[in-house]
Amino acid sequence: MTGEPSFFELGVADPERGRVFYGSLFGWHLEPGPTGRGFSIGTAGVPGGLHGGDAGASPYLFFRVDDLDAAVARVRELGGAVEDLGEEGEEDAESVARFGRFVLCRDDQGSSFGLHEPPNGG
């Protein structure tokens, strides 16, 4: 269903320390991600990820969409913005196949949120 929370992401300075901390705190199973720069988080609910180089970040919440490109266009039509991720935002085929596509946005008042198109319409 479009609009439901479908993924969360935690940004930390050091991903290995984050893996130990959150794994110990919540009993999560964290596996290395396909890019080798972070971890995927296995929970009984919404799946997640953990990435490094983002000290002090607030958690990112992603909402499910069926068509990421159409949703991005709609965000812009409504006065919102899509963050330019540059080369870091390049889509890795293995990551897209495993987790889907993601983009960070801001609404028309500047509040952050994410859009997530799960793999294979999942």
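Residues numbered from 1 in each chain as written. Predicted model: local features only at pLDDT ≥ 70, side-chain atom pairs only at ≥ 80, totals over all residues. Heavy atoms only, no water.

> I tried to follow the environment of Ala57 on my own but got confused; where do I start?
By the secondary structure assignment, Ala57 is in the loop between strand S4 (48-51) and strand S5 (60-64). Overall, Ala57 belongs to the partly exposed group, its relative accessible area being 24%. Separated by 46 residues in the primary sequence, Ala57 and Gly11 place their C-alpha atoms 5.3 Å from one another. (Helix = DSSP H or I, 4+ residues; strand = E, 2+ residues; numbered from the N terminus. Buried < 20%, exposed > 50% of the residue type's maximum accessible area, 1.4 Å probe, protein only.)

> I keep staring at the nonpolar core and nothing clicks. Help me out?
Within soluble globular proteins, side chains that are nonpolar generally end up buried alongside one another. Core analysis: the largest hydrophobic core is formed by 9 residues, namely Val65, Leu68, Ala71, Val72, Val75, Val82, Val103, Cys105 and Leu115. Of all elements in the fold, only helix H2 (68-77) and strand S7 (101-106) reach the threshold of two or more residues within this core. In terms of residues, this core owes the most to one element, H2, which gives 4 residues. With near-sequence residues (within four places) excluded, Val72 lies in contact with Val82, Val103 and Leu115. Of all hydrophobic cores here, the second largest spans 8 residues; its members include Leu10, Val12, Leu30 and Phe39. (Core = buried A, V, L, I, M, F, W, Y, C linked by side-chain atoms within 4.5 Å. Contact = heavy atoms within 4.5 Å.)

> Can you walk me through the pattern of salt bridges in this structure?
Here the structure, examined in full by the defined rule, presents 6 salt bridges. One salt bridge in this structure joins Glu16 and Arg19, with 2.5 Å as the shortest N-O distance. Placement of the pair is Glu16 and Arg19 together in helix H1 (residues 15-26), with a separation of 3 residues, close to one helical turn. Under the relative-accessibility criterion, Arg19 is labelled partly exposed at 29%. A salt bridge links Glu83 to Arg106; the shortest N-O distance between them is 3.8 Å. Taken together, the positions of Glu83 in the loop between strand S6 (81-82) and helix H3 (93-99) and Arg106 in strand S7 put the pair 23 residues apart, joining distant regions of the chain. (Salt bridge = Lys/Arg side-chain N within 4 Å of Asp/Glu carboxyl O.)

> Please clarify how H2 should be interpreted in this entry.
Three- or four-residue spacings in an α-helix give side chains the same orientation, since the helix completes a turn every 3.6 residues. Residues Leu68, Ala71, Val72 and Val75 constitute the buried set of H2. Along H2, the residues classed as buried sweep out an arc of 100° about the axis, all on the same side. Across from the buried face of H2, at angles greater than 90 degrees, the exposed residues are Asp69 and Glu77. The inward-facing, buried residues of H2 contact S6, S7 and strand S8 (112-117). Measuring from the backbone nitrogen of Asp69 back to the side-chain oxygen at the start of H2 gives 3.1 Å, which picks out Asp67 as the cap. Positive phi appears at Gly79, one or two residues downstream of H2, with a value of about 95°. (Arc of directions from axis to C-beta. Polar contact = N/O pair within 3.5 Å; in protein donor to acceptor, adjacent residues only side chain to side chain.)

Purely spatial values, then, with no claim about function.
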